[in-house]
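Summary of structural features
The primary structure of each chain is shown beneath.
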Number of protein chains: 4
Amino acid sequence: MPNGDAKKSVKKVVLAYSGGLDTSIILKWLQTTYGCEVVTFTADLGQGEELGPAREKALRAGIKPENIFIEDLREEFVRDFVNPMFRANTVYEGQYLLGTSIARPLIAKKQIEIARKVGADAVCHGATGKGNDQVRFELSYYALEPSIKIIAPWREWTFKGREELLKFARDHQITITKDKEGEAPFSVDANLLHSSSEGKVLEDPAKEAPGIVYQRTISPMDAPDQPTEITIGFKKGDAVSLNGEAMSPATLLARLNDLGKANGIGRLDLVENRFVGMKSRGVYETPGGTILLQAHRAIESITLDRGAGHLKDELMPRYAEMIYNGFWFTPEREMLQALIDKSQEMVEGEVRLKLYKGNVIVTGRESPASLYSSTLVTFEDDKGAYDQKDAEGFIRLNALRLRTLGQRNKKLNG
Amino acid sequence: MPNGDAKKSVKKVVLAYSGGLDTSIILKWLQTTYGCEVVTFTADLGQGEELGPAREKALRAGIKPENIFIEDLREEFVRDFVNPMFRANTVYEGQYLLGTSIARPLIAKKQIEIARKVGADAVCHGATGKGNDQVRFELSYYALEPSIKIIAPWREWTFKGREELLKFARDHQITITKDKEGEAPFSVDANLLHSSSEGKVLEDPAKEAPGIVYQRTISPMDAPDQPTEITIGFKKGDAVSLNGEAMSPATLLARLNDLGKANGIGRLDLVENRFVGMKSRGVYETPGGTILLQAHRAIESITLDRGAGHLKDELMPRYAEMIYNGFWFTPEREMLQALIDKSQEMVEGEVRLKLYKGNVIVTGRESPASLYSSTLVTFEDDKGAYDQKDAEGFIRLNALRLRTLGQRNKKLNG
Amino acid sequence: MPNGDAKKSVKKVVLAYSGGLDTSIILKWLQTTYGCEVVTFTADLGQGEELGPAREKALRAGIKPENIFIEDLREEFVRDFVNPMFRANTVYEGQYLLGTSIARPLIAKKQIEIARKVGADAVCHGATGKGNDQVRFELSYYALEPSIKIIAPWREWTFKGREELLKFARDHQITITKDKEGEAPFSVDANLLHSSSEGKVLEDPAKEAPGIVYQRTISPMDAPDQPTEITIGFKKGDAVSLNGEAMSPATLLARLNDLGKANGIGRLDLVENRFVGMKSRGVYETPGGTILLQAHRAIESITLDRGAGHLKDELMPRYAEMIYNGFWFTPEREMLQALIDKSQEMVEGEVRLKLYKGNVIVTGRESPASLYSSTLVTFEDDKGAYDQKDAEGFIRLNALRLRTLGQRNKKLNG
Amino acid sequence: MPNGDAKKSVKKVVLAYSGGLDTSIILKWLQTTYGCEVVTFTADLGQGEELGPAREKALRAGIKPENIFIEDLREEFVRDFVNPMFRANTVYEGQYLLGTSIARPLIAKKQIEIARKVGADAVCHGATGKGNDQVRFELSYYALEPSIKIIAPWREWTFKGREELLKFARDHQITITKDKEGEAPFSVDANLLHSSSEGKVLEDPAKEAPGIVYQRTISPMDAPDQPTEITIGFKKGDAVSLNGEAMSPATLLARLNDLGKANGIGRLDLVENRFVGMKSRGVYETPGGTILLQAHRAIESITLDRGAGHLKDELMPRYAEMIYNGFWFTPEREMLQALIDKSQEMVEGEVRLKLYKGNVIVTGRESPASLYSSTLVTFEDDKGAYDQKDAEGFIRLNALRLRTLGQRNKKLNG
């Protein structure tokens, strides 16, 4: 399935529909190729676009009103996807904050829910055949609804190049805004956590990314000459307040985005390894997320036990890989999540930071649940909290196997 | 051993001797308490102090000329310790570049070598009983010379507080420079990789570190308004050139330190977990190392295969923990090193960076050994390099177990 | 604390008391050395000894009736310690089923509970200074009651050798049974999960363990010539029934012990690495546990998803190490437990086994929650459940990075 | 590639050819479908079949003599594949000794070598589209020769069921031995390490495997009533002698197979997770390997340091997964191999075992490189080798973080 005559068998399909040119073409292509009823799903994940036009466009494309679904998912996105991920200080390949990866499972989940509601037998996404997003969408679809049919137009249709696509659009009265007429100089994805840019002018990793690529942050060089000081409050590992004011998850992230943007924070230019096997170069902007990561590490630094912290750190790369590769709705991700969440029960308190021209500088952390003890650590008299004599035995038993080894090697090697 | 009357049995001890007040007191204490011959070992690890005075002070303290050892270890330090560690992109607890940790095994190794040369039966270090350094020194001593005797004065002597220590110094004609008379506001360790500050004014992690703590970097706020552009060349995972000029390991790191310092790069203020069980707050400055880490990640990003990179990333926290805890001379560290080194054979090429007010910005990477293929990744016609149809099978077989799982759960849960 | 005059400060101590010779000596030693009130705690963990005599002996030693605590912990032991551990298929160093390790945290927990109840300020155990058990007891004590005082007589007293100990016993009218007069040929620990033997005749790992060491199993050579067939039922990863009959955790394990014993199952002779740094040789008998491990693996084999199973398998050695080293009451163990337990929700069904002369042979597994699909796997017509064409894309994308790598290496190496 | 008209482009193909019915059909199908020159490669991996007939059959099928390659790979197989794998005590999913998986990369490597020698542009294997072997072959092909064309007949041809295949055979004068006429009751793979059986009568995992499935071992019930005692010698982690007699790798494994077979050792009936996504049930017989695994663990138990052993144990499941999934020729496998091999440098000595009715019982281990010290471990006077006082400090510092945690939790939770 979807190959050969299987195409004919789709009755109703739920399309992830942004209202933009590409998904408008897909919508029309579904109607003309599959001849099936199309249900559109448009989500607000904080990408910064109006959703109203999507409804109008869908209606104009002949979608029945009851088949148009538009949802504001911002709070759910941050609460159930972004926040759980940040509890693990998650970065892919040491750097990438997974802004695109973490949004895909939520969109897929909603498509499946709508498919069930409207009795659709198929879902459709607009991701290309070379990227990770197709995998993330489809693994999620299959995990949630094993018998769903999946339509991946970019892998199926026979358009050769952009020109044929645009011709199809014109032939079907799809509006093409002026800036889409030519070749876009790069490709963009955005949501409340980040925006990413890939392709075209970015394809040579030896060349610096041009300034026009950046959309969500100003350059550190253009940022204010004075630092901005903020305080982030945490509860159970999640950020819950900014400068003492409690906020909903999405509100807080949006505010951090504003702060990050204004201070040139969160730009990242890297070459990463895709799950489908090739390297790609991307430019990411994650202003709020970059602040959040530093702040979360800082609050953990005083509230998380070493054993807990090190175990999390060791498992994080695996967890990041699962999210990057699209395995969100899997037993192994849920197992790791259970482990991570268990560690966060007492991760609470406040972190003070300075934001300055691309820098996120931790200047203070405090917590009622702090494990830091100045009494223990002090060079001054600690009143017996720590007996330095203990260190000798500690070292000697840690060394015992190494001494045995040293003796053995000496004996054998002379 | 060293307890009770065992003290009397030491004949000759090799002391890690900086020539500063503390190790001068230790030297005298060894002579008066153990009544043994003292051999001093003073190393230049790039801490930025003259070694000449150490010789004079040792002579004045009655050390025989043949018992005074002074060595410039800077190249060995970077080549055999710092560089191998950076091959793994090593950071402890997500952030700390291990500047102090990585120097200890080398000092210990040299002390043992000298002990063998001069026939000493003991070694002595000046680390306190609360910190990690005692562990790092002593595990290294024991691993390299299982039957060595270890003297750890800070755990043994009975001075109560700083005042008694200073009195002992005065009683024994040890020069006390003016700034040591009072309580130092914090404690410092330095070498070519970093300097660290701990204690006193830093003991409250809720309070920002005062500016005087920073010694090796200027503030990002004081750094130039224009970025500095540099190029670092790599070979087998190690930095080998700067702006096209080949340099020895220590020279290169020193140059990166200058560049980092001037651009406000490499400051870190954190709370970490010590091996001996408590949390401590430290301020680290690693200007060159911070640049190096970014550059190394960048050159790996185009030359290292995903399988290799992810395996390294997953094992890095463990490797960092070994170094932090002092287990450098152990089979497990050597096993991980073998794995890491194996991965670096083709990690070569050049990375371009902008240094700007605390930011290290990668702007380009290129390599004859690059695995990046713009042909594979392009949105344009790739001439068959990648068949998008392959993605369907790839996804479907990755999804198969998830679909089976979904069906099972559906069947059972209704 | 417990050194020097600290000894005088103990008011009331809860002693883990078996009623045997060693803990009777400790009881008396506590009374004479610390002059404190002693509370005895005697637990039935299935070690196979009567508890009645312990009460009488305690009374005879002058313990007040209200200070004598005797508890049957068998069900709690299996339900809250053994079963959670078996959910992970836990073995230490590839083989050891951790029978001793897993009992210590429970005993420690009960001692602390009693200490709170009776207002004791100290606890005491009878483990020696060379073994792992002292660590397991004391880490558990400290984790549960950070300010508790710990008395470890074997590390404190000054008896030199067995003869002095026996003299102390005789001097204090402690009954010494005949078999204790001489040197026992080995040392034994036992509970419902296993018995272990160490020391003396077992100290040379080159020599076969003599038959008298084995106490809980007959030799495979003496076992019946016909196999015994059994069926074990599982629910949420725990064994809940035997041959169709539902049983409590401890009852079931006891029955499996009988079956294992009769069929020569569960003997293990190995050299292991102790946490305190040396290697030791032990002989373990875990008849029921050995059967349980095989059965649990078998039920998992059809009900656990690959992703879940492989993640568990990779983390198991770490989990085993935590238990072996005594870190049961730690955040990291609880985090791993959360992960493991999450995986077991659907691990249910029945496993059939043949027990025969030391062999545990799985002959069948079935489950309503089975993920095994003969339709998928069959060589016959699978009616479209699996499209063999998918494999090509699956392989090609898995191979993509390897091909890129091969091309790079070819280009560079000629 | 191999799709559509690509088929026509193959000029010369190297076929992994056993001379059996299936690969004879493939040979003919290649000739008739691709019209290309066929080169046959037949390897002796210890599967226990004569290779002579393969040559005759190939000649009869019209293969030119210079295109017939027959090689005895037994020594290379054990030396370069089996032994390196056993150094890690490798088992997949806790039990499977990977007998099939480890042979595939070697066959693939030889096919590629021959392809280069004869100038072939394609290779071909006889693995089905549902199994792991296709992946193992093809990943190896691609890794070693990125531009090779791969023909996988079972995924390509259009035969519907066994009857059509046999008709094709008859139509092309391929001899069909009597036992191949009907449906074989299960499918078999064999080499010097193991034989495996799958499918048909084994497809229901609830049913016991019938006796006829077992080919390489007698039943434990039929094995001798007296144990056989043997001694295996190791050097650098590899078995090098049996009962004191030095032997080549393949000879030694063959001898262990005989011993295992005669004593009913090495049978395994399990359900495993295939890389392609489904569960399958297999019966494996690995008589020599099962003995070897126990013996290797035993020699490691006295010669391998704890740090080394635990690190290996934790990484083993990942290493096993790589081999099972076919990623032998990958950087990550080679990195792990470097780590494993590093650990084996001093793994040498002798292990004594009793083989008895399915049991492999270790009865002794000794080594000049032993790390076991009876002086350290003894309950008797150890003459100061171990100071029991050290344990207190060791425990107290290990407990420090747990006590801090306990205090924090107490303070917060009342």
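Residues numbered from 1 in each chain as written. Chains lettered and ligands numbered in written order. Predicted model: local features only at pLDDT ≥ 70, side-chain atom pairs only at ≥ 80, totals over all residues. Heavy atoms only, no water.

Comments concerning the interface of chain C and chain A
- Taken together, the contact pairs 25 residues of chain C with 25 residues of chain A.
- Summed over both partners, the interface of chain C with chain A comes to about 2100 Å²; 69% of that surface belongs to carbon and sulfur atoms.
- Our enumeration of links across chain C and chain A arrives at two salt bridges.
- Measuring nitrogen to oxygen at the nearest pair gives 2.4 Å for the salt bridge that ties Arg318 of chain A to Glu314 of chain C.
- Taken together, chain C and chain A are joined by two residue pairs in polar contact (both at pLDDT 80 or more).
- Among the secondary structure elements, those contributing two or more residues to the side of chain C that touches chain A are α11 (306-325), α12 (331-343) and α14 (389-413) of chain C.
- Ranked by residues supplied to the side of chain C that touches chain A, first place goes to α12 of chain C with nine residues.
- In the side of chain C that touches chain A, the residues fall into 12 nonpolar, four polar and nine charged. (Contact = heavy atoms within 4.5 Å. Buried area = accessible area lost by both parts, 1.4 Å probe. Salt bridge = Lys/Arg side-chain N within 4 Å of Asp/Glu carboxyl O. Polar contact = N/O pair within 3.5 Å; in protein donor to acceptor, adjacent residues only side chain to side chain. Helix = DSSP H or I, 4+ residues; strand = E, 2+ residues; numbered from the N terminus. Nonpolar A, V, L, I, M, F, W, Y, C, P; charged D, E, K, R; others polar.)

Let's talk about the UniProt feature "binding site: L-aspartate" (unreviewed entry) in chain A
- Per the UniProt record, the feature "binding site: L-aspartate" (unreviewed entry) sits at Thr128, Asn132 and Asp133 of chain A.
- Looking at where Thr128 of chain A falls in the secondary structure, it is placed in the loop between β4 (122-124) and α5 (133-144).
- Taking the relative accessible area as the measure of exposure, Thr128 of chain A reaches 25% and is therefore partly exposed.
- Not counting chain neighbours up to four residues away, the residues in contact with Thr128 of chain A comprise Gln134 and Trp154 of chain A together with Gln388 of chain B.
- Of note is the side chain of Thr128 of chain A, whose polar atom sits 3.3 Å from the backbone nitrogen of Lys130 of chain A.
- One can find Asp133 of chain A in helix α5.
- The class of Asp133 of chain A is buried, set by a relative accessible area of 16%.
- Ignoring sequence-local partners within four residues, the contact set of Asp133 of chain A consists of Thr100, Arg104 and Ala127 of chain A. (UniProt positions renumbered as here; feature names shortened; annotations may be inferred. Buried < 20%, exposed > 50% of the residue type's maximum accessible area, 1.4 Å probe, protein only.)

Describing the pattern of salt bridges
- Enumeration over the complete set of coordinates arrives at 145 salt bridges over all chains.
- Residue Arg104 of chain B is joined to Asp133 of chain B by a salt bridge in which the shortest nitrogen-to-oxygen separation is 3.0 Å. Of the two residues, Arg104 of chain B sits in helix α4 (residues 104-118) while Asp133 of chain B sits in helix α5 (residues 133-144), which places them 29 residues apart along the sequence. Per residue, the accessibility class of Arg104 of chain B equals that of Asp133 of chain B, and both read buried.
- Here Asp225 of chain C makes a salt bridge to Lys357 of chain C, at a shortest N to O gap of 3.1 Å. Residue Asp225 of chain C is located in the loop between β7 (195-198) and β8 (228-235), and its partner Lys357 of chain C is located in the loop between β13 (349-356) and β14 (359-366); the two are separated by 132 residues in the primary sequence.
- Note on Asp225 of chain C: relative accessible area 52%, which makes it exposed.

What to know about the packing of aromatic side chains
- Evaluated as defined, the whole model comprises 50 aromatic pairs over all chains.
- Taking the centre distance of 6.2 Å and the plane angle of 90° together, the rings of Tyr96 of chain A and Tyr324 of chain A count as edge-to-face. One end of the pair, Tyr96 of chain A, is in the loop between α3 (74-86) and α4 (104-118); the other, Tyr324 of chain A, is in helix α11 (residues 306-325), and 228 residues separate them in sequence.
- On the basis of relative accessible area, Tyr324 of chain A is assigned to the buried category, the value being 0%.
- A connected cluster of aromatic rings, assembled from ring pairs, spans Trp29, Tyr34, Trp154, Trp157, Phe159 and Phe168 of chain A.
- Here the guanidinium or amino end of Arg267 of chain B rests over the ring plane of Tyr214 of chain B, the centre of that ring lying 3.7 Å away.
- Note that Arg136 of chain D overlies the ring of Tyr324 of chain D, its terminal NZ or CZ placed 4.8 Å from the centroid. (Phe/Tyr/Trp six-rings, centres within 6.5 Å; stacked < 30°, edge-to-face > 60°. Lys NZ or Arg CZ within 6 Å of the ring centre and 35° of its normal.)

Section: the domain arrangement of chain A
All names here are of chain A.
- Here the domain parsing of chain A yields domain 1 (12-180) and domain 2 (187-303 + 346-366).
- Taken together, the contacts link 30 residues of domain 1 with 34 residues of domain 2.
- Regarding the contact of domain 1 and domain 2, the summed buried area is about 2600 Å², with carbon and sulfur atoms giving 60% of it.
- Remark: the boundary between domain 1 and domain 2 carries two salt bridges.
- Across the pair Arg87 and Asp238 runs a salt bridge, and its minimum N-O distance is 2.9 Å.
- Seen at the junction of domain 1 and domain 2, the total is 15 residue pairs in polar contact (both at pLDDT 80 or more).
- When residues of the side of domain 1 that touches domain 2 are traced back to their parent elements, those giving at least two are α3 and α5.
- Here the element with the most residues in the side of domain 1 that touches domain 2 is α3; it accounts for nine residues.
- Of the residues that constitute the side of domain 1 that touches domain 2, the class distribution is 13 nonpolar, 10 polar and seven charged. (Domains from an automatic or database assignment.)

A short note on the packing of α3 of chain A against α4 of chain A
Residue and element names in this part refer to chain A.
- Interaxial distance between α3 and α4 falls to 10 Å at its minimum, and their mutual angle equals 115°. Classified by chirality, the crossing of α4 by α3 is right-handed. In this structure, α3 uses Glu76, Phe77 and Phe81 to contact α4, whose residues at the interface are Pro105, Leu106, Lys109 and Lys110.
- For the contact of α3 with α4, a count of residues per class yields four nonpolar, no polar and three charged. (Axes fitted to C-alpha atoms, helices over the stretch in contact; angles between N-to-C directions. Left-handed = near helix turned anticlockwise from the far one by under 90°.)

So, the state of the cysteines
- If you walk through the whole model with that rule in mind, you get zero disulfides over all chains.
- Residue Cys124 of chain A stays outside any disulfide, its sulfur separated by 8.6 Å from that of Cys36 of chain A, the closest cysteine. (Disulfide = S-S within 2.5 Å.)

Points about the sheet that holds strand β1 (residues 12-16) of chain D
Residue and element names in this part refer to chain D.
- Strand order in the open sheet formed by five strands is β3-β2-β1-β4-β5, with parallel pairing between adjacent strands. Each edge of the open sheet is held by one strand with a lone partner, namely β3 (68-72) and β5 (149-151). Along the sheet, successive strands turn relative to each other by an average axial angle of 20°, direction set aside.
- Inspection of the sheet shows β1 paired to strand β2 (residues 37-44) by five bridges, in the parallel sense. If you follow Val13 over to β2, its bridge partner there is Val38. (Pairing = 2+ DSSP bridges.)

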